[in-house]
Amino acid sequence: MNYCLSQVDDVLQELKTSKDGLTSEEAGKRLEQNGKNKLAEAKKDSLLKRFFDQMKDPMIIILLVAAAVSAVTDFIENGLSVPTDSLIILFVVIVNAVLGVVQESKAEKAIEALQEMSAATTKTLRDGKVVSVRSEDLVVGDVIVLDAGDAIPADCRIIECASMKIEEAALTGESVPVTKLVKALMRSGDNDIPLGDRKNMAYMGSTLVYGRGKAVVTATGMDTEMGKIASAISLAEEGKTPLEIKLEQLSKVLTKIVIGVCIFIFAFDLITKFFLVADKPPFIDVALSSFITAIALAVAAIPEGLVAVMTIVLAIGVTNMSKKNAIIRKMTAVETLGCTQIICSDKTGTLTQNVMTVVDHYAGDEKTLATAMALCTNAEVEADGKSTGEPDEVALINYAKTLGLEKDELVKSEPRTGEVPFDSGRKMMSTVHKKDGQFVQYTKGAPDEILKKCSFYLENGNKAPLTDSVRKTIMEENTRMGNKALRVFAVAYKTYETEPSEYSSEKLENEMIFIGLTGMIDPVRPEVKASIEECRNAGITPVMITGDHINTAKAIARELGILSDDSQAMMGADIDKYSDDEFKEVVQKIHVYARVQPEHKTRIVNAWRSLGYVTAMTGDGVNDAPSIKSADIGVGMGITGTDVTKNVADMVLADDNFATIVSAVGEGRRIYDNIRKAIQFLLGSNLSEVLSVFFASVMNFTILQAPHLLFINLVTDCFPALALGLEKPERDIMNRKPRLKNDGIFAGGLGIDCFYQGFLVTLLTVVAFYTGEFLETGKLVFRNIQDSSEGMTMAFFTMSMCEIFHSFNMRSQRGSSVKLLFTGSHNVALYLAMAASLLLTTAVVEVDFLSNLFGFAHLDTKAYLISLLLAFLIIPIVEIVKAVQRKIAKSK
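Remember, it's a predicted structure, so these values are computed and weren't measured experimentally. (Residues numbered from 1 in each chain as written. Predicted model: local features only at pLDDT ≥ 70, side-chain atom pairs only at ≥ 80, totals over all residues. Heavy atoms only, no water.)

**Q** Talk me through the overall build of the protein; I want residue IDs and the actual numbers.
**A** Along the backbone of the protein there are 34 helices and 25 strands. By principal-axis analysis of the C-alpha atoms, the protein measures approximately 120 × 70 × 50 Å. Burial analysis of the protein (892 residues in total) assigns 52% to the buried set. Long-range contacts, defined here as pairs at least 24 residues apart, represent 71% of the contacts in the protein between residues at least 6 apart. Carbon and sulfur atoms provide 58% of the accessible area of the protein, an area that totals close to 39500 Å². Both charge centroids of the protein, one from 94 positive and one from 112 negative side chains, sit 3 Å from each other. (Helix = DSSP H or I, 4+ residues; strand = E, 2+ residues; numbered from the N terminus. Buried < 20%, exposed > 50% of the residue type's maximum accessible area, 1.4 Å probe, protein only. Contact = heavy atoms within 4.5 Å. Areas by Shrake-Rupley, 256 points an atom, 1.4 Å probe, with all protein chains shown as cover. Lys, Arg positive; Asp, Glu negative; His and termini not counted. Charge placed at Lys NZ, Arg CZ, Asp CG, Glu CD.)

**Q** Describe the side chain of Gln341, and please don't skip the residues or the numbers.
**A** You can see Gln341 is positioned in the loop between helix 11 (332–337) and strand 9 (342–346). On the basis of relative accessibility, which here comes to 16%, the residue Gln341 falls in the buried class. Not counting residues up to four positions away in its chain, the partners in contact with Gln341 are Gly539, Ile540, Thr541, Gly612, Tyr613, Val614 and Pro738.

**Q** Which residues make up the nonpolar core, and what are the values?
**A** Of all hydrophobic cores here, the largest spans 117 residues; its most connected members are Phe658 and Ile874. For this core, the leading source of residues is helix 25 (residues 658–698), giving 15 residues. The next biggest cluster of nonpolar side chains, apart from the first, holds 25 residues, and it includes Ala372, Ala374, Leu396 and Val440. (Core = buried A, V, L, I, M, F, W, Y, C linked by side-chain atoms within 4.5 Å.)

**Q** Describe the pattern of salt bridges, naming the residues involved and giving the relevant values.
**A** Two side chains with opposite charge may pair up if their charged atoms get near one another. Evaluation of the coordinates by the stated rule reveals 38 salt bridges. The salt bridge partner of Asp147 is Lys123, with a shortest N-O separation of 3.3 Å. Of this pair, Asp147 sits in strand 3 (residues 143–147) while Lys123 sits in strand 1 (residues 121–126), and the two are 24 residues apart along the sequence. Among the residues examined, Asp147 registers a relative accessible area of 29% and is labelled partly exposed. Take Lys123: its relative accessible area is 30%, and that puts it in the partly exposed class. The partner of Lys444 in a salt bridge is Glu393, with the nearest N and O atoms 3.5 Å apart. (Salt bridge = Lys/Arg side-chain N within 4 Å of Asp/Glu carboxyl O.)

**Q** Report on helix 19 (residues 550–560), specifying residues and quantitative values.
**A** Owing to its 3.6 residues per turn, the α-helix aligns residues three or four sequence positions apart on the same side. For helix 19, the tally of buried residues reaches nine of eleven residues, placing the bulk of the element in the interior. Taken together, the buried positions of helix 19 are Ile550, Asn551, Thr552, Ala553, Lys554, Ala555, Ile556, Ala557 and Leu560. Turning to helix 19, the residues buried within the fold contact helix 16 (468–483), helix 18 (528–537), strand 20 (541–545), strand 21 (569–571) and strand 22 (592–594).

**Q** Tell me about the pairing of strand 13 (residues 416–423), and name the residues and values.
**A** The pairing of strand 13 with strand 14 (residues 428–435) spans five bridges and is antiparallel. Within strand 14, the position partnered with Val420 by the bridge is Ser430. The turn joining strand 13 and strand 14, which pair antiparallel and follow one another in sequence, is formed by four residues; a positive phi near 60° is taken by Lys427. (Pairing = 2+ DSSP bridges.)

**Q** Describe the environment of Val277, and please don't skip the residues or the numbers.
**A** Take Val277: it is sitting in the loop between helix 8 (242–275) and helix 9 (283–301). Exposure remark for Val277: the relative accessible area of 25% places this residue in the partly exposed category. Residues Val277 and Asn700 lie 423 residues apart in sequence; the distance between their C-alpha atoms is 13 Å.

**Q** An account of the packing of aromatic side chains is needed here, citing residue identities and associated values.
**A** The full count for this structure, using the stated rule, is 15 aromatic pairs. Between the aromatic rings of Phe769 and Tyr770, the centroid separation amounts to 5.9 Å while the plane-to-plane angle is 75°, which identifies the pairing as edge-to-face. For the residue pair Phe769 and Tyr770, the accessibility class agrees, reading buried in each case. Members of the aromatic cluster, joined through ring pairs, are Phe695, Phe701, Phe769, Tyr770 and Phe782. Directly above the ring of Tyr210 sits Lys165, whose terminal nitrogen or CZ lies 5.5 Å from the centroid. The aromatic ring of Phe489 is capped on one face by Lys444, whose charged end is 5.3 Å from the ring centroid. (Phe/Tyr/Trp six-rings, centres within 6.5 Å; stacked < 30°, edge-to-face > 60°. Lys NZ or Arg CZ within 6 Å of the ring centre and 35° of its normal.)

**Q** Kindly report on unusual backbone geometry, identifying the contributing residues and their values.
**A** Phi is positive for Lys16, which is not a glycine, with a value near 55°. Within the fold, Lys16 resides in the loop between helix 1 (8–14) and helix 2 (24–34). Here the phi dihedral of Asp656 falls at roughly 55°; this positive angle occurs in a residue that is not glycine.

**Q** How would you sum up a nonpolar patch on the surface? Please name residues and give values.
**A** Together, Leu87, Leu90, Ile94, Val98 and Val102 make up a nonpolar patch on the protein surface, roughly 380 Å² of accessible area in all. As for its position among the elements, Val98 is in helix 5 (residues 84–117). Residue Val98 is classed as partly exposed on the basis of its relative accessible area of 40%. (Patch = residues over 30% accessible without salt bridge, like charges linked within 9 Å, V, L, I, M, F, W, Y side chains within 5 Å.)

**Q** Lay out the pairing of strand 23 (residues 615–619) with the relevant residues and their values.
**A** By the criterion of burial, strand 23 is predominantly enclosed, with five of the five residues buried. Across the two faces of strand 23 the burial is the same, with Thr615, Met617 and Gly619 and Ala616 and Thr618 all buried. Summarising the sheet, strand 9 and strand 23 pair through three bridges and their orientation is parallel. Opposite Cys344, over in strand 23, you have Met617 as the bridge partner. Sheet topology note: the strand 23/strand 24 (residues 633–637) ladder contains four bridges and is parallel. Within strand 24, the position partnered with Met617 by the bridge is Gly634.

Here it is as structure tokens:
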């Protein structure tokens, strides 16, 4: 059947459904038979391909080259013996690749879980009731209910239409929304009607931008027009986060440095050990020795676990945020959250509870007022007696109910014949009803706008001229309610002998009779006031934006602590008086905006951003999408938000709560802090290894070999680094000013800390080597030392223990880690990681099989305790340096 050419009844009959939709049982059968309403996704890479993709990293390639060269040199020196060093390097590379694949899979599952949480839903008629079902569970024959802002979830034939306009640019390329209708179309000759001209159809991938209606699903999944265009559409890949890009850049820089230093060490060794000595040893022996030193240095300089640690920490953080109702849709948001300086928030539902209740009114006849208000709504009463719809309209239905006026009964006595939907430009809506053989129009909206359209008012049940004096009284009542932080609606009516010939605002909304006002309140969320205070302490400026009356906005803002002076509030219309440059000056002084239009939100965001402030913006309606997209962090509403808004948002609030934004900012700061701690810890460790190998090379002895360094990098260091990623937020995390968005990885003195801490570990490691050499030989020689197994073992054990103890220092970059023990702040994961690393390191030294594999000597109790003592010194020394740094910072 060509649905666009067929009458509605014929379409419903063909699809074996009705205007009341399908039964749940029938829908289940059709879903099982025809499958999910999803487009085919591109095939995922195989495990083998993912494994080899892990090998593409420049630093991994260097390790593979090092393993190959090591095998060749081992063969030249020892013939067909087992190349232990090469096998260890290869084993580590393989394990690293496997861990990378496992982590990728976990990250994919985490993202899929988040997508499940934010999966699109559609209002659908099942068993004659409006229920919300997942869009992917829609089937052919389902009748769906559409409101402005909804994404069209499948191909549909429209069966009810109230001023519907659908934006179909994604499908047809037509930038102007298409006005829709219900009646069957007529085609010219045998030509089929082009997709863009099928005005009684709605297609997957398009969006309802205006009006409302109902439609019956005619095609789902790959049978839709969208499915025909693309046989395989995969989800857009997330771009790399700024931190990932910085780490990739760091990786490339490190790779170049590694190659440069290796070449330098190789050349330096050749010169000092062959060309500058009188009694020249065989060149091949010197070259092989130099090459082994260069390989060790390459291994030392490469932070093998860095990317894996960062990815895991980020994934865990995002999962934790989702548990706290902040669903991250774009990974960049996690980092940007920590920089947030301005939060522009809607009032209704975000700062308040979005549970409206009528508590005041002004009218000559309250029952007429309640009747008009209840009928001029799109809210409905379910079978269980619960009202569903917009919160304001639900409040009006409930208000009428308190006066004994049931919405269902009112609809039966005055059935609706037409409407002009609400829009933010007019700030009103109108409905027309048949009553006692005549027609009556009710118009509800903003009092100041309604009054402009009224010429009369209702006095003691009679129509009377609306004089200036009466207008003044009405506006005084409006102000009185507004000063009490009430949301005020006005309603008017107009009667007709016959049904209006045209349902348009121009035709209907004039010469009306004013009925009265209702005042309702949406209580402030109890937790928001504390969150606003937390914002202030964190250097974040909260800005309230609302379509409400300015007096209502001021009252709520004062209660929350957003507003301290009336001069900090502005009407949306006043924004238009300023040029962009002028508004930049004004925007810094305004904390409350009332009666705003959607375009004003975009100007507010752009003004703050042009001043260099990192700005978050919340929104729920379809018209909020541009401002959300313009913001550094677009925040969509999970409950009241439209599909369009959620799709462009960086983060979606599952509970629509402002406090959740502030909590997410704190979590974003914690995640970024912890990633920096892990980076500092790992790079400091690598620096200590490079400096140790370099010093030993200059002094002509071997302090550590490539397998030893790999063990430290991937076993000793990785567990504590991961545990640092789980560190709780530092106590002052929300008492700091936001970090700058363009701050580099080494900002805030992290680079200096890496250097001095790496140098300190090097010093302790070298002392341990010389101590071991002295204990082994009974004499102390500083240069040209032949292999000292005890010195090497003590150096390895000391460096490993240093890293383990140093991870404890990294719990805070500047704060005292020792003090954290006595304030009840514990990182159990870190303690367990330290214990595990200690046991594994001890096993490598003391278990015969492992110590022989690595070429270590057994340490007696004295050597073991000396190594532990030397390693432990890292804690008090770093604590002293931190104390000096804090004192310097305080004096500044």
